[in-house]
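The chain contents come next:
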Amino acid sequence: GTGMAVTYSRRPKVKGESFLPLMVRTVGSGTNGLGFYMYHGGTTPSIGNYFFTEGAGLHNKSYDYQAPIGEFGNLSSGYYPLKLINYFLKSYGHDLAPLYPILSTTNDSIKANNNKTLRYSVRGDGNKGYLFMHNFQDHLEMNDLQGLKIDIATKSGVIAFPETGTFTLKAGSSAIFPFNVNYDGVEIRLATVQPFCSFTNKNKKYNVMVSVDGIIPEMVLKGKAKVTGNGIKTSVRNGNTVVAFTAGKRSEFQVNGISFLILPFDQALHTYVVGTNDAHLVISKSVVLEDGQKLALVNSNNELMELDVFPA
């Protein structure tokens, strides 16, 4: 439920910033078949007996539903962050689907007025998996959760998020971090950047990750890997290769012929994957629509339209 109908007697306002934390919570709790009601609002037809199907004070015609895409195609603020969960499931859902949810014992103590306890879970198989967490609650002012560190016990040892120091999960934010995963032959021990999407361009594999505000972005690759790239720093920690990125900046690196792109969160909100066998990323504040070999950019109240394409 990403929206709610408004009636004469009940007029809820559903905030777009609730959409992504809600879906991170839902998928982190074990859901694989993620559907939205509604994702695109609509209008009830004026023909047939459709007028008689709506009860409880609902409109006979308008079914806007405060959906991410409204009745007439307008986009709510919640449309953009949902990209992070939708592209993630499209690209990495096959990796996630077999993994079981493992809930923290602290979850039992979380009530609707609790703004101090981290809401988190793991989906895993005993060795590989994903850490899910969010810091959002409807009708409650949340605080930044500081000094966090999460240890995950696996068959091959403890995975610490982060390996050194602590992290802050800012109010209203969420994150999905992988551990012991293999992306196109690259073994990742852990990452404090969120998987976004993967695609192929000219037979070359690309994986795109997103940095989260307040969390130092890095990827730990298993063993000693040969890494080249821009905007990165590499080091060795406990026999593994650490690739560190600058927070709020775009970074790119290659390992074993596989490319990784790290986007800041605010850029990921405006990123689209276009094409199939020869795909690209398009980053634009305009809405990007794909129609065969053509792209349309839609903008409101701004005559300047800019876009970045990756790879160039």
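Right, let's walk through the structure included here. In this text the structure is predicted, and so the values were computed from the model without any measurement.

## Let's talk about the overall build of the protein
No. 1: Secondary structure summary: the protein contains three helices and 24 strands in total.
No. 2: Here the protein has a C-alpha radius of gyration of 21 Å; the compact-globule value for 312 residues is 20 Å, and the two agree.
No. 3: Here the protein holds 312 residues, and the buried ones make up 46% of them.
No. 4: The long-range fraction of contacts in the protein, counting pairs at least 24 apart against all pairs at least 6 apart in sequence, stands at 56%.
No. 5: Separation between the mean location of the 29 positive side-chain charges and that of the 24 negative ones in the protein comes to 4 Å.

## Observations concerning the side chain of Asn180
No. 1: Within the secondary structure, Asn180 is located in strand E10 (residues 174-183).
No. 2: For Asn180, a relative accessible area of 8% puts it in the buried group.
No. 3: In terms of polar contacts, Asn180 uses its side chain to reach the side chain of Lys222, at 3.3 Å.
No. 4: Excluding residues that lie within four positions of it along the chain, Asn180 makes contacts with Asn127, Lys128, Thr154, Ser156, Ile159, Ile188, Arg189 and Lys222.

## Section: the environment of Ser284
No. 1: With respect to the element layout, Ser284 can be found in the loop between strand E21 (280-283) and strand E22 (287-291).
No. 2: A C-alpha to C-alpha distance of 21 Å links Ser284 and Asn230, two positions 54 residues apart in sequence.
No. 3: A polar atom in the side chain of Ser284 sits 3.0 Å from the backbone nitrogen of Ser286.

## Some thoughts on the side chain of Thr7
No. 1: Among the structural elements, Thr7 can be located in the segment before helix H1 (19-28).
No. 2: Setting aside anything within four residues of it in sequence, one finds Thr7 in contact with Ala56, Gly57 and Leu58.

Thresholds applied
Residues numbered from 1 in each chain as written. Predicted model: local features only at pLDDT ≥ 70, side-chain atom pairs only at ≥ 80, totals over all residues. Heavy atoms only, no water. Helix = DSSP H or I, 4+ residues; strand = E, 2+ residues; numbered from the N terminus. Rg over C-alpha atoms; globule rule 2.2 N^0.38 Å. Buried < 20%, exposed > 50% of the residue type's maximum accessible area, 1.4 Å probe, protein only. Contact = heavy atoms within 4.5 Å. Lys, Arg positive; Asp, Glu negative; His and termini not counted. Charge placed at Lys NZ, Arg CZ, Asp CG, Glu CD. Polar contact = N/O pair within 3.5 Å; in protein donor to acceptor, adjacent residues only side chain to side chain.

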